[in-house]
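Structure at a glance
Chain by chain, the residues:
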2 protein chains.
Amino acid sequence: MKQIRIIDATLRDGMHAVSHSLSAEQMGAIAQRLDEAGVTTIEIGHGDGIGGSSLQYGFAKASDREYFAAVSKALKNCKMDVLLIPGIGTIEDLKVAMEYNVHTVRVATHVTEADVAEQHINFAKKNGLEAIGFLMMSHMAPVEKVVEQAKLMESYGADVVYMADSGGAMVPDEVKAKISALKAAINVPVGFHAHNNLGLAVGNTLAAIETGATVVDGTVRGLGAGAGNTQLEVLVAVLNKMGYDTGIDLYKLMDVGQEMIDPLMHRPQIISNDALVIGYAGAYGSFLLHARRAAEKFGVDARDILMELGRRKTVGGQEDLIIDVAIELSKQRKQNVG
Amino acid sequence: MKQIRIIDATLRDGMHAVSHSLSAEQMGAIAQRLDEAGVTTIEIGHGDGIGGSSLQYGFAKASDREYFAAVSKALKNCKMDVLLIPGIGTIEDLKVAMEYNVHTVRVATHVTEADVAEQHINFAKKNGLEAIGFLMMSHMAPVEKVVEQAKLMESYGADVVYMADSGGAMVPDEVKAKISALKAAINVPVGFHAHNNLGLAVGNTLAAIETGATVVDGTVRGLGAGAGNTQLEVLVAVLNKMGYDTGIDLYKLMDVGQEMIDPLMHRPQIISNDALVIGYAGAYGSFLLHARRAAEKFGVDARDILMELGRRKTVGGQEDLIIDVAIELSKQRKQNVG
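Cut-off values and rules
Residues numbered from 1 in each chain as written. Chains lettered and ligands numbered in written order. Predicted model: local features only at pLDDT ≥ 70, side-chain atom pairs only at ≥ 80, totals over all residues. Heavy atoms only, no water. Axes fitted to C-alpha atoms, helices over the stretch in contact; angles between N-to-C directions. Helix = DSSP H or I, 4+ residues; strand = E, 2+ residues; numbered from the N terminus. Parallel < 35°, antiparallel > 145°, perpendicular 65-115°, else oblique. Left-handed = near helix turned anticlockwise from the far one by under 90°. Contact = heavy atoms within 4.5 Å. Nonpolar A, V, L, I, M, F, W, Y, C, P; charged D, E, K, R; others polar. Buried area = accessible area lost by both parts, 1.4 Å probe. Least-squares fit on C-alpha atoms with pLDDT ≥ 70 in both. Pairing = 2+ DSSP bridges. Expected span 1.5 Å × (residues − 1). Buried < 20%, exposed > 50% of the residue type's maximum accessible area, 1.4 Å probe, protein only. Arc of directions from axis to C-beta. Right-handed = clockwise from strand over helix to strand, strands pointing away. Core = buried A, V, L, I, M, F, W, Y, C linked by side-chain atoms within 4.5 Å. Salt bridge = Lys/Arg side-chain N within 4 Å of Asp/Glu carboxyl O. pLDDT = per-residue confidence, 0-100. Phe/Tyr/Trp six-rings, centres within 6.5 Å; stacked < 30°, edge-to-face > 60°. Lys NZ or Arg CZ within 6 Å of the ring centre and 35° of its normal.

1. Here's the deal with the packing of helix α10 (residues 273-281) of chain B against helix α12 (residues 302-311) of chain B
Residues and elements named next belong to chain B. Two elements in contact, α10 and α12, have axes whose closest approach is 8 Å; the angle formed by their N-to-C orientations is 30°. Considering the angle they form, α10 stands roughly parallel to α12. Handedness of the α10/α12 crossing: right-handed. Note on element contacts: α12 touches α10 through Arg 303, Leu 306, Met 307, Gly 310 and Arg 311, opposite Val 277, Ile 278, Tyr 280 and Ala 281. Here the residues of the contact of α10 with α12 are counted per class, giving six nonpolar, one polar and two charged.

Dropping the structure here:
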């Protein structure tokens with residue numbers, strides 16, 4: 001049977017959808033159930049990774065240390081994984097996770113900035129951890145750039161390199177082109193992380209597997225920001241149907257959804273207009289509110305602002321550009337009318 | 001630009017999700033907005049098609065005639081389409097629709113029973129209507145059978161033949177195999193209708209288009225029974241991204257969702273465990289409640305009953321078999337324990 005490795009990110013990416021409000025006790029209890037369902041790797045902690053609990057990124061209910069302690073105590077067979085975004089988390093934060101038997105660290109950078117992951121991956125490998133290079137917002141770079149950056153991750157010692165469609169902006173043809181190129185260019189396993197803004201989280205994950213990805217992500221109920229992630233119990237059902245072995249007990253995973261996740265959810269994981277426009281534009285979700293404010297101020301459609309930000313490949317931190325774009329659109333509009 | 005024809009089924013398949021409770025006035029108002037958004041064909045009426053309003057299938061808020069009158073008055077460019085399931089609807093029901101300028105009739109049968117559509121398609125063609133043959137639950141038949149039945153539909157005069165994945169049970173590989181075979185075997189356009197039980201409504205629709213389908217369905221917000229249909233505004237966004245022309249104004253369609261559909265919805269259109277197991281098993285959604293009752297009575301898991309019903313390709317009307325399956329599973333269970 002064809003094997004697929006699944007990394008469950010319910011307790012990390014899913015934290016965005018519940019404002020990082022899980023207690024350490026809740027996280028431990030869910031981790032235990034995921035372990036019992038046969039999940040082999042779970043990523044846990046603040047939505048923005050270790051060190052993420054802050055005024056800027058939102059305070060989590062518990063500290064990293066409290067989450068690590070609760071989860072490591074709960075796990076029997078399943079391995080604990082943490083996300084480290086250099087600039088948010090540090091090697092010091094990772095050392096805390098190591099006190100609690102963390103097995104894997106995913107070092108995540110913008111798709112064009114793999115070089116900032118070098119020291120973190122080096123450190124992880126020297127200390128016996130599995131290190132995964134994780135390229136975020138991969139729709140923003142052409143195939144060659146994604147390949148170049150993945151090769152950097154591999155050269156730093158990454159055991160796996162992930163392509164993350166963080167904005168849920170890719171269609172299957174793009175996924176196939178990029179994953180095939182990665183598969184041809186690097187010697188370590190290729191991973192894929194999807195979001196559902198275009199209703200394609202499951203479809204794109206299958207496209208990634210078809211072209212060579214052997215490690216893929218999901219979250220129970222699709223729990224995640226905006227339209228959410230690949231709904232893991234759905235993905236497992238589909239992979240079962242297609243003859244893949246994930247090692248996960250589908251019914252037990254469905255029960256985790258019903259008994260543990262449904263009661264926590266703040267809102268249903270649907271594709272709202274907001275989520276759709278983010279995926280369609282290929283823009284940052286955090287731009288939504290800014291774009292809406294600017295749209296109102298300058299009498300333009302927030303969707304047009306987001307589309308233009310996507311075209312310009314505007315990245316987080318460039319929020320000032322939103323006003324500029326709104327002003328330009330407003331001028332164009334007046335010229336067209338006049 | 002590559003053209004794709006879209007048939008919007010919000011006001012027909014979507015009626016299942018609101019217990020057929022739209023008033024004729026509401027239906028007319030939504031039809032008008034869909035027309036203004038550039039939708040070229042809309043299917044309207046009771047969820048089970050013309051003549052569906054009944055004790056058995058649920059009474060609709062208004063009569064077929066009232067819906068036809070309201071919608072035909074509202075439309076300027078868009079064409080009205082009705083679904084006719086022989087056995088539920090009749091040629092007499094279709095004659096009523098013809099008084100209100102119905103343009104298209106989709107004659108729908110179980111995937112193995114195309115022959116019951118012959119007289120209805122003949123009648124439609126003699127009377128100048130567009131006739132579409134619509135093969136439901138197409139996951140239940142192998143490729144050759146689907147092709148054979150599609151050829152029958154074509155031989156009766158169908159202008160288009162649809163393959164409907166009514167149970168949301170197909171994966172992209174199956175869609176591709178079946179649509180390619182249809183494309184090779186018949187000379188009229190091939191259509192595809194998806195449901196989202198496996199999170200693949202959009203992904204499967206793209207797979208169908210890739211292999212030759214040129215007419216596809218969707219509903220605004222995915223409104224439909226269980227996990228719902230292909231979410232139309234999402235599909236249009238994806239097709240726009242891929243360079244297809246649907247003739248639909250995406251922003252206007254999104255606005256229809258927000259202003260007209262969201263306020264009507266009884267529940268969010270998510271993939272619940274129930275919807276997932278129906279797609280996974282390939283069973284009828286109407287079996288859910290029966291399976292759950294039988295499961296409780298005989299101490300087995302309802303999911304196992306549904307899986308077995310799917311394996312046996314049990315069809316609507318064979319509800320008696322549900323008890324038989326539950327008893328068998330219960331016996332097996334005792335033998336395994338003993």
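The rest of the description comes next.
2. Let's talk about the interface of chain B and chain A
Size of an interface, as often reported, equals the accessible area lost when the parts are brought together. Between chain B and chain A, the residue contacts involve 40 residues of the former and 40 residues of the latter. Between chain B and chain A the total buried area reaches about 3,200 Å² when both faces are included, carbon and sulfur atoms providing 61% of it. Those elements giving two or more residues to the side of chain B that touches chain A turn out to be α6 (172-185), α7 (201-210), α8 (232-241), α9 (250-261), α10 and α12 of chain B. Looking at which element gives the most residues to the side of chain B that touches chain A, the answer is α8(B), with six residues. Broken down by class, the residue content of the side of chain B that touches chain A amounts to 21 nonpolar, nine polar and ten charged.

3. A few points about the relation of the copies chain B and chain A
Once chain B has been moved 0.0 Å along the axis and rotated by 180°, it coincides with chain A to within an RMSD of 0.0 Å. The superposition operator between the copies reduces to a two-fold rotation axis. Residue B:Gly203, judged by its C-alpha, is the member of chain B lying nearest the rotation axis, at 2.4 Å. A share of 100% of interface residues in chain B that are also interface residues in chain A marks the association as one of identical surfaces.

4. Section: the sheet that holds strand β7 (residues 160-164) of chain A
Residues and elements named next belong to chain A. The parallel closed barrel is built from eight strands, whose spatial order is β2-β3-β4-β5-β6-β7-β8-β9. Sheet twist, expressed as the mean angle between neighbouring strand axes with direction ignored, is 25°. Direction of pairing for β7 relative to strand β8 (residues 190-193): parallel, over a ladder of four bridges. The partner of Val 161 across the bridge, within β8, is Val 190. Contacting β5 (104-110), β6 (130-136) and β7, helix α5 (residues 143-155) runs over the sheet at an angle of about 160° to β6. Each of β7 and β8 is contacted by helix α6 (residues 172-185), which is oriented at about 155° to β8, the strand it contacts most.

5. Quick look at helix α11 (residues 287-298) of chain A
All names here are of chain A. With twelve residues, α11 should reach 16 Å at 1.5 Å per residue; the first-to-last C-alpha distance of 16 Å fits that figure. Buried within α11 are the following residues: Phe 287, Leu 288, Ala 291, Ala 294 and Ala 295. Looking straight down α11, one finds that the buried residues subtend no more than 135° of arc, so they occupy a single side. When the buried face of α11 is taken as reference, the exposed residues oriented beyond 90 degrees from it are Arg 293, Glu 296 and Lys 297.

6. Describing the sheet that holds strand β8 (residues 190-193) of chain B
The strands making up a sheet associate through backbone hydrogen bonding, with each pair oriented either parallel or antiparallel. All names here are of chain B. The eight strands are arranged β2-β3-β4-β5-β6-β7-β8-β9 in a closed barrel whose pairing can be described as parallel. Taking each pair of neighbouring strands and ignoring which way they run, the sheet shows an average axis angle of 25°. Alignment of strand β3 (residues 41-44) against strand β4 (residues 79-84), held across three bridges, turns out to be parallel. Bridging across to β4, Ile 42 finds its partner in Met 80. Helix α5 (residues 143-156) rests against β5 (104-110), β6 (130-136) and β7 (160-164) of the sheet, and its axis sits at about 160° to β6.

7. Details of the pairing of strand β3 (residues 41-44) of chain A
All names here are of chain A. Neither face of β3 is exposed, since Thr 41 and Glu 43 on one face and Ile 42 and Ile 44 on the opposite face are all buried. Note that strand β2 (residues 5-11) and β3 share three bridges and pair parallel. Looking across to β3, one finds that Asp 8 is bridged to Ile 42. Regarding topology, helix α1 (residues 24-36) serves as the crossover connection from β2 to the parallel β3, and that connection is right-handed. After leaving β3, the chain enters helix α2 (residues 64-74) and then returns to the sheet as strand β4 (residues 79-84), a path that is right-handed.

8. Describing the nonpolar core
Core analysis: the largest hydrophobic core is formed by 240 residues, its most contacted members being A:Ile42, A:Ile305, A:Leu306, B:Ile42, B:Ile305 and B:Leu306. Sequence-distant contacts of B:Ile42, defined by excluding residues within four places in its chain, comprise B:Asp8, B:Leu11, B:Ala31, B:Leu34, B:Val71, B:Leu75, B:Cys78, B:Lys79, B:Met80 and B:Asp81. The next biggest cluster of nonpolar side chains, apart from the first, holds twelve residues, and it includes B:Ile7, B:Leu83, B:Met136 and B:Val160.

9. What about helix α10 (residues 273-281) of chain A?
All names here are of chain A. With eight of nine residues buried, α10 lies mostly within the body of the structure. Among the residues making up α10, those that are buried are Asn 273, Ala 275, Leu 276, Val 277, Ile 278, Gly 279, Tyr 280 and Ala 281. At the C-terminal side of α10, Gly 282 shows a positive phi close to 70°.

10. Concerning the pattern of salt bridges
Per the stated rule, a full pass over the model turns up 42 salt bridges over all chains. Residue A:Glu43 pairs with A:Arg12 through a salt bridge whose shortest N-O separation is 2.7 Å. Taken together, the positions of A:Glu43 in strand β3 and A:Arg12 in the loop between β2 and α1 put the pair 31 residues apart, joining distant regions of the chain. Judged by relative accessible area, A:Glu43 falls into the buried class, the value being 0%. According to the relative accessible area criterion, A:Arg12 is buried, its value standing at 4%. Salt-bridge contacts for B:Asp274 lead to B:Arg292; the nearest nitrogen and oxygen are separated by 2.6 Å. On the criterion of sequence distance, the pair formed by B:Asp274 in helix α10 and B:Arg292 in helix α11 (residues 287-298) is long-range, its members being 18 residues apart. If you follow the salt bridges from partner to partner, you end up with A:Arg12, A:Asp13, A:Glu43, A:Asp81, A:Arg106 and A:Asp217 in one network.

11. Topic: the confidence of the model for chain A
Averaged over every residue, the pLDDT of chain A is 97; residues scoring 70 or more account for 99%. Scoring the predicted complex yields pTM 0.97 and, for the interface, ipTM 0.96.

12. Looking at the packing of aromatic side chains
Going through the model one piece at a time under the given rule, you end up with six aromatic pairs over all chains. Here B:Tyr284 and B:Phe287 contribute two aromatic rings whose centre-to-centre distance is 5.4 Å and whose plane-to-plane angle is 35°, an arrangement assigned as tilted. For the pair B:Tyr284 and B:Phe287, one class covers both residues: buried. A cation over an aromatic ring shows up here: A:Arg303 above the ring of B:Tyr251, its NZ or CZ 4.1 Å from the ring centre. A cation over a ring is seen here: B:Arg106 above B:Tyr162, with NZ or CZ 4.7 Å from the ring centre.

13. Points about the pairing of β6(B)
Residue and element names in this part refer to chain B. Of all seven residues in β6, seven are buried; the element is thus mostly enclosed. Of the two faces of β6, the one carrying Glu 130, Ile 132, Phe 134 and Met 136 and the one carrying Ala 131, Gly 133 and Leu 135 are both buried. A crossover connection joins β5 to the parallel β6 through helix α4 (residues 118-126); in handedness this β-α-β unit is right-handed. Sheet topology places β6 next to β7; four bridges connect them, and they run parallel. Within β7, the position partnered with Leu 135 by the bridge is Met 163.

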